[in-house]
Amino acid sequence: MAAPHPADAFAGRRFDALLFDLDGTLIDSRVAVEGAWRRWAREEHVEIAVLEGSHGMPAAEIVARLLPAERLPEAIERILAYEESQTEGIFARPGSAAALAALPADRVALVTSSTRLLARVRGAAAGLTLPAVKITIDDVARGKPAPDPFLAGARALGLDPARCHAVEDAPAGLTAA
């Protein structure tokens, strides 16, 4: 007997909306993200290996784990500036543009750990028209892996979170969803 296909988990299920993550899901920004964080880590004398497992988490939370409190504002501002200026190598993942274009606008939201500006920059670099409803780290008190971003996305669409499906790639995002 053949093993069940992962899509079988959705057999017979219907969702009212899709809540999409950005980086790693709608777009591939790996080259840009890694370049920005490598630069920041070199300047901060932080071993790049300590960033393992941070994908999908807000930059401020990552920095707060690594530096003393008095250094946080400047260090966070710097990594955000590096990420916002690093757009080379960002592209839409296959099918992203078609999926977003095919979905009703009132049934889709972007839910990302990026700032609003960073999401706009990366979406433009990838040539994507992002959903009108965007929940970023700027909109919630707690980022992924807390559920707050996905709950806010469902609320912004006026829908029950239990009836929404999250499309996510990172462990922090999967936990949040």
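See the structure shown above.
Treat the numbers as computed from the prediction; the structure is a model and nothing was measured.

Rules and cut-offs
Residues numbered from 1 in each chain as written. Predicted model: local features only at pLDDT ≥ 70, side-chain atom pairs only at ≥ 80, totals over all residues. Heavy atoms only, no water. Pairing = 2+ DSSP bridges. Helix = DSSP H or I, 4+ residues; strand = E, 2+ residues; numbered from the N terminus. Axes fitted to C-alpha atoms, helices over the stretch in contact; angles between N-to-C directions. Expected span 1.5 Å × (residues − 1). Buried < 20%, exposed > 50% of the residue type's maximum accessible area, 1.4 Å probe, protein only. Contact = heavy atoms within 4.5 Å. Arc of directions from axis to C-beta.

Let's shift gears to the sheet that holds strand S1 (residues 17–20). Strand order in the open sheet made by the 4 strands is S5-S4-S1-S6, with parallel pairing throughout. For this open sheet the edge positions go to strand S5 (133–135) and strand S6 (164–167), each flanked by a neighbour on one side alone. Averaged over all adjacent pairs, the angle separating strand axes in this sheet is 25°, with direction ignored.

The terminal C-alpha atoms of helix H3 (residues 72–85) lie 20 Å apart, and with 14 residues this matches the ideal 20 Å at 1.5 Å per residue to within 8%. Listing the buried residues of H3 in full gives Leu 72, Ala 75, Ile 76, Arg 78, Ile 79, Leu 80, Tyr 82 and Glu 83. Contacts from the buried residues of H3 go to helix H1 (30–44), helix H2 (59–66) and helix H5 (116–126).

This part takes up unusual backbone geometry. At the junction of Lys 144 and Pro 145, the peptide bond is cis and its omega measures out at 20° in the coordinates. Positive phi outside glycine occurs at His 45, with the angle close to 55°. Mapping His 45 onto the fold places it in the loop between H1 and H2. Judged by its relative accessible area of 75%, His 45 falls in the exposed class.

Bringing H5 into the picture now. The complete set of buried residues in H5 reads Leu 118, Ala 119, Arg 122, Gly 123 and Ala 126. Across the axial projection of H5, the buried residues extend over an arc of 130°, all falling on one side. Away from its buried face by more than 90 degrees, H5 exposes Arg 120 and Ala 124. In the core, the buried residues of H5 are packed alongside strand S2 (27–28), H1, H3, strand S3 (91–92) and strand S4 (108–111). Phi turns positive, to about 75°, at Gly 127, one or two residues after H5.

Its place among the elements puts Thr 136 in the loop between S5 and helix H6 (148–157). Take Thr 136: its relative accessible area is 1%, and that puts it in the buried class. When sequence neighbours within four positions are dropped, the list of residues in contact with Thr 136 reads Thr 112, Ser 114, Thr 115 and Arg 116.

Where S1 lies against S6, 4 bridges are found, and the strand directions are parallel. Bridge assignment links Phe 20 to a residue of S6, and that residue is Val 167. Sheet analysis places S1 next to S4, joined by 3 bridges and oriented parallel. Across the sheet, Leu 19 pairs through a bridge with Ala 109, a residue of S4.

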